[in-house]
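One-letter residues, chain by chain:
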Amino acid sequence: MRWIAKTNLCFKSIPAFSQRRIVVPECLRRYLTLSSCPPEWSQDAVFASLIDGSTHFSHLAGVHAKMTVLGLLENSFLITKLVHACSNLGDVRYARKLFDEFPLRDVFLWNAIVRGYSRHDMFADAIVMYSRMLCAGVMPDGFTFPYVLKACAALPTLVIGRRVHGQVFRHGLESDVFVQNGVVALYTRCGDTASARMLFDRLGERTVVTWTSLISGYCQNGQPVVALELFHKMREDDIYPDWIVLVSVLRAYSDIEDLEQGKSLHGCIIKMGLEDEPDLLISLTSMYAKGGQVTVARTFFDRMEKPCLILWNAMISGYARSGHGEEAVELFRNLVSLNVRPDSITVSSAVLACALVGLLELARWMDAFVCQSDYSEDTIVNTALIDMYSKCGSIQLAREVFERTENKDVVMWSAMIGGYGIHGKGQEAIELYRAMKKAGVHPNDVTFIGLLTACNHSGLLKDGWHLFHHMRDYGIEPRHQHYSCVVDLLGRAGYLREAYSFILKMPIDPGVSVWGALLSACKTHRDVGLGEHAAIQLFSLDPNNIGHYVQLSNLYASLRQWDEVAKIRVLVKERGLSKDISYSSIEVNGKLETFRVGDNSHSRFDEIFEELERIEGRLKESGFVNDAESLTHDLIDEEKDRVLCSHSERLAISYGLISTPPGATLRITKNLRACVSCHAATKFISKLVCREIVVRDANRFHHFKDGVCSCGDYW
DNA sequence: ATAGGGTTAG
């Protein structure tokens, strides 16, 4: 008894100690070595404390051994506690062993084992144990269902979940808040927000958890606006938000791209004193990064001494999603060098970032990384790789990834089809589509966007038209993108009137993309009347987008209507817009060099300019004439030549020619669409210098070889 | 003992 007194620990203080979850102290461990318990002690209470105070599985094993010696294994209360503690400390198998060895199981013991499996994501086992419990004739209670429902929510279908929901009624638990929260979460997690909403509306009692389930459900099913409405209703109901519901609300603001509202919520979070909640910090990081405020996001990231993987992922994907590909790749390299193990989300975000950067050499590095990682078979990662390679200019390497992946889903097929699309390989895209159907994979709306784009870029009017009408056979309702593809298709081919009447017959409001497609077609075919009509729609729908003004101005310029061009320039100035600066980048030795129009800042400018002049001279010799239609100013011919020759694309080509070995492919990326004159010149140059030149413009890829372009002058 | 959240591909 003396050792107890010495440590100032009397029996009364044991429960307090167990609640604080302190490591089993030495004194209690010594107790385990005694052969019997002092008679005035309650053995049960001491062992309960020992179990609760264990912080390592080895402690529990010791306690279990002692219980065996003392013959305490008949006590269902203690066994339940042991099972519970074992699963908490990570050894569900040991918990199951204890469970199996104890034949007289009450509802508490059953709950403990179901909970153990559910908490460790072993959902099938949780459901199996639940059904065995029913077979054993034990009545589930209000604690059983939350665990079981959580397991059901993780299954891909609602079949079992619905059955369990029925059993909730049979056991009279339809007014238990915890159980009902589980049911609401079940339906939202399985994507059935309608059922979840119906249940929610009928509930008598709702806690912040109930609201959170539904709000996050709407977020995950692409209805952030509804999620936000619900959040405001929740506030009207005087439910005080906690940090978990705010996670979903931040995501909703991020999804509707309303950074201002997000910022003001951030202010509230600071006032509520929740800013240091690590998991809320992840949401804030993600929101700011996706919203383009990468510097702010980065300060959150840097604030953490040891960021968790999800924070890494949020930062990397945030960089990528806001167009900061290089920063994303750099951060991914940081992670790798710190020996942090990436998961499939990290890797797919990094692959997405590489697609954005566009360097083929970087793409190959990323591919090699994936191949030696745990994710070489991962469908999502490989889909990202296919997209990456096609955006980095190599449709062949994209196809290799496609071929080597075993499990192809619709998304992967669609990515490959879309890849052929932006490379102007319409026939290949259609062939692949046939193969996909043959493989028993059903197309979705994205598949058709890829197909229609492919038809567009290859001028396959009939095929595109046919495919568009084919969508309905699959029950797919066309979206804006599909309609704009068709308008593009008709418009490029010169069927401007048909395109316009097609727009008038659309069942949904034609948006920016549809009118944009029409305007662009009017520019190609120099139809001022219809072009102006399209432009007026665009100016009211999307007044701050400089691109529409440039398009209309170019249309006027192509018809030499300089007065109109000047009017547009005034309009642009009035609205305070400025023209996007055009630039081209070229990949040399795995590095990007960027040029703007008339750029003379490069260290090798003299050599570049010399090469440029040499090339222009040879072009003229072979009869090439610069087409001035893409200029918006009324210049004399000589000036036009000078401006066109110093277009960023030509500077990039010249630099490529002097800094790579003869015959090497040149890979160029432009931020805007290819201009008519440079496109024609590049075709000539490819033949003149016997080089393949790959140009990625804002829309698609052009492969120049032997004087022709893969786009067939159709872009 | 219970339920809710954050990061990926077209």
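Rules of the game
- Residues numbered from 1 in each chain as written.
- Chains lettered and ligands numbered in written order.
- Predicted model: local features only at pLDDT ≥ 70, side-chain atom pairs only at ≥ 80, totals over all residues.
- Heavy atoms only, no water.
- Domains from an automatic or database assignment.
- pLDDT = per-residue confidence, 0-100.
- Helix = DSSP H or I, 4+ residues; strand = E, 2+ residues; numbered from the N terminus.
- Contact = heavy atoms within 4.5 Å.
- Pairing = 2+ DSSP bridges.
- Near = heavy atom within 4 Å.
- Polar contact = N/O pair within 3.5 Å; in protein donor to acceptor, adjacent residues only side chain to side chain.
- Nonpolar A, V, L, I, M, F, W, Y, C, P; charged D, E, K, R; others polar.
- Phe/Tyr/Trp six-rings, centres within 6.5 Å; stacked < 30°, edge-to-face > 60°.
- Buried < 20%, exposed > 50% of the residue type's maximum accessible area, 1.4 Å probe, protein only.
- Axes fitted to C-alpha atoms, helices over the stretch in contact; angles between N-to-C directions.
- Parallel < 35°, antiparallel > 145°, perpendicular 65-115°, else oblique.
- Salt bridge = Lys/Arg side-chain N within 4 Å of Asp/Glu carboxyl O.
- Core = buried A, V, L, I, M, F, W, Y, C linked by side-chain atoms within 4.5 Å.

Sorry if this is basic, but what is going on with the domain arrangement of chain A here?
Many descriptions give the size of an interface as the accessible area lost when the pieces come together. What the domain assignment reports for chain A is domain 1 (478–579) and domain 2 (583–709). Once you take the C-alpha centre of each, domain 1 and domain 2 turn out to be 27 Å apart.

Would you mind going over the confidence of the model for chain A with me for this structure?
Detailed reading of the predicted coordinates is not advisable wherever pLDDT is low. The share of residues in chain A with pLDDT of 70 or more is 91%, and the mean pLDDT across the chain is 87. Within chain A, helix α20 (residues 309–321) carries the highest mean pLDDT (97), whereas helix α1 (residues 2–6) carries the lowest (29). Predicted confidence is poor over residues 1–23, with pLDDT under 50, and the contacts of this stretch with residues over four places away or in other chains come to 36 contacts.

What's the story with the sheet that holds strand β3 (residues 666–670) in this structure? I'm lost.
Adjacent strands of a sheet form backbone hydrogen bonds with each other and so pair up, either parallel or antiparallel. Spatially, the 6 strands line up as an open sheet ordered β2-β1-β3-β4-β5-β6, and their pairing is mixed. Every interior strand has two partners, whereas the edge strands, β2 (591–596) and β6 (708–709), have only one. In this sheet, strand β5 (residues 701–705) lies alongside strand β4 (residues 693–696) in antiparallel orientation, the contact comprising 4 bridges. Pairing of Val 695 across the sheet is with His 702, part of β5.

Is there a simple way to think about the protein's contact with DNA strand B in this case?
Asp 242, Asp 279, Ile 282, Asn 313 and Asn 444 are the nearest of the 46 residues found near DNA strand B. Among all atoms of DNA strand B positioned within 4 Å of the protein, those belonging to sugar or phosphate total 46%. Interatomic distance of 3.3 Å between a side-chain N/O atom of Arg 321 and a phosphate oxygen of DNA strand B. One of the side-chain N or O atoms of Ser 348 is found 3.1 Å from a base oxygen in DNA strand B. Ranked by residues supplied to the surface near DNA strand B, first place goes to helix α14 (residues 208–220) with 6 residues. Class assignment of the residues belonging to the surface near DNA strand B gives a composition of 19 nonpolar, 17 polar and 10 charged.

Would you mind showing me how to read the packing of aromatic side chains here?
Think of a pair of aromatic rings as described by two things: how far the centres are apart, and how the planes are tilted against each other in angle. For the structure shown, the criterion picks out 20 aromatic pairs. Summarising the aromatic geometry, the rings of Phe 301 and Trp 312 are spaced 5.0 Å apart at their centres and angled 75° between planes, so their arrangement reads as edge-to-face. Linking Phe 301 in helix α19 (residues 294–303) with Trp 312 in helix α20, this pair joins segments that are 11 residues apart in sequence. Each member of the pair, Phe 301 as well as Trp 312, is classed as buried. Where Phe 332 meets Phe 369, the ring centres are 5.2 Å apart and the plane angle is 75°; that geometry is what we call edge-to-face. Residue Phe 332 is found in helix α21 (residues 325–337), and its partner Phe 369 is found in helix α23 (residues 360–371); the two are separated by 37 residues along the sequence. On the basis of relative accessible area, Phe 332 is assigned to the buried category, the value being 1%. On the basis of relative accessibility, which here comes to 14%, the residue Phe 369 falls in the buried class.

What exactly am I supposed to notice about unusual backbone geometry here?
Apart from glycine, the bulk of residues carry a negative phi angle, and the bulk of peptide bonds sit in the trans form. Not every positive phi belongs to a glycine, and Arg 526 is a case in point at roughly 55°. Relative to the helices and strands, Arg 526 resides in the loop between α32 (512–524) and α33 (528–541). For Arg 526, a relative accessible area of 38% puts it in the partly exposed group. In this structure, Cys 690 takes a positive phi of about 55° despite not being glycine. Position of Cys 690 among the secondary structure elements: in the loop between α39 (676–688) and β4.

Would you take a moment to explain the packing of helix α12 (residues 177–189) against α14 for this structure?
Two measures define how a pair of helices packs: the angle their axes make with one another and the distance between the axes. Running from N to C, α12 and α14 point in directions that differ by 5°, and their axes come no closer than 9 Å. Accordingly, the angle class assigned to the pair α12 and α14 is roughly parallel. Seen from α12, the contacting residues are Asn 181, Val 184, Ala 185 and Thr 188; seen from α14, they are Val 209, Thr 210, Ser 213, Leu 214 and Gly 217. Here the contact of α12 with α14 is composed, by residue class, of 4 nonpolar, 5 polar and no charged.

What is the right way to look at the environment of Met 388 in this model?
With respect to the helices and strands, the residue Met 388 is situated in helix α24 (residues 379–391). Spatially, the C-alpha atoms of Met 388 and Ala 415 are 9.8 Å apart, while their sequence positions differ by 27 residues. When residues no more than four places from it in sequence are discounted, the contact partners of Met 388 are Val 351, Cys 354, Ala 355, Ala 363 and Met 366.

Please clarify how the pattern of salt bridges should be interpreted in this entry.
Close approach of charged atoms lets side chains of opposite charge pair. Inspection of every chain in the model, using the stated rule, returns 22 salt bridges. Across the pair Glu 607 and Arg 604 runs a salt bridge, and its minimum N-O distance is 3.0 Å. Residue Glu 607 is classed as partly exposed on the basis of its relative accessible area of 40%. It is possible to trace a salt-bridge network through shared partners that takes in Glu 275, Asp 276 and Arg 303.

Just to check I follow, could you spell out the nonpolar core for this structure?
Across soluble globular proteins, nonpolar side chains show a tendency to be buried alongside one another. Judged by nonpolar contacts, the single largest core of 182 residues is most densely connected at Ile 113, Met 366, Met 388 and Leu 518. If sequence neighbours within four positions are ignored, Met 366 has contacts with Phe 332, Val 347, Ala 350, Val 351, Cys 354 and Met 388. Among the nonpolar cores identified, the runner-up in size contains 22 residues, and Phe 595, Phe 624, Tyr 655 and Ile 668 belong to it.

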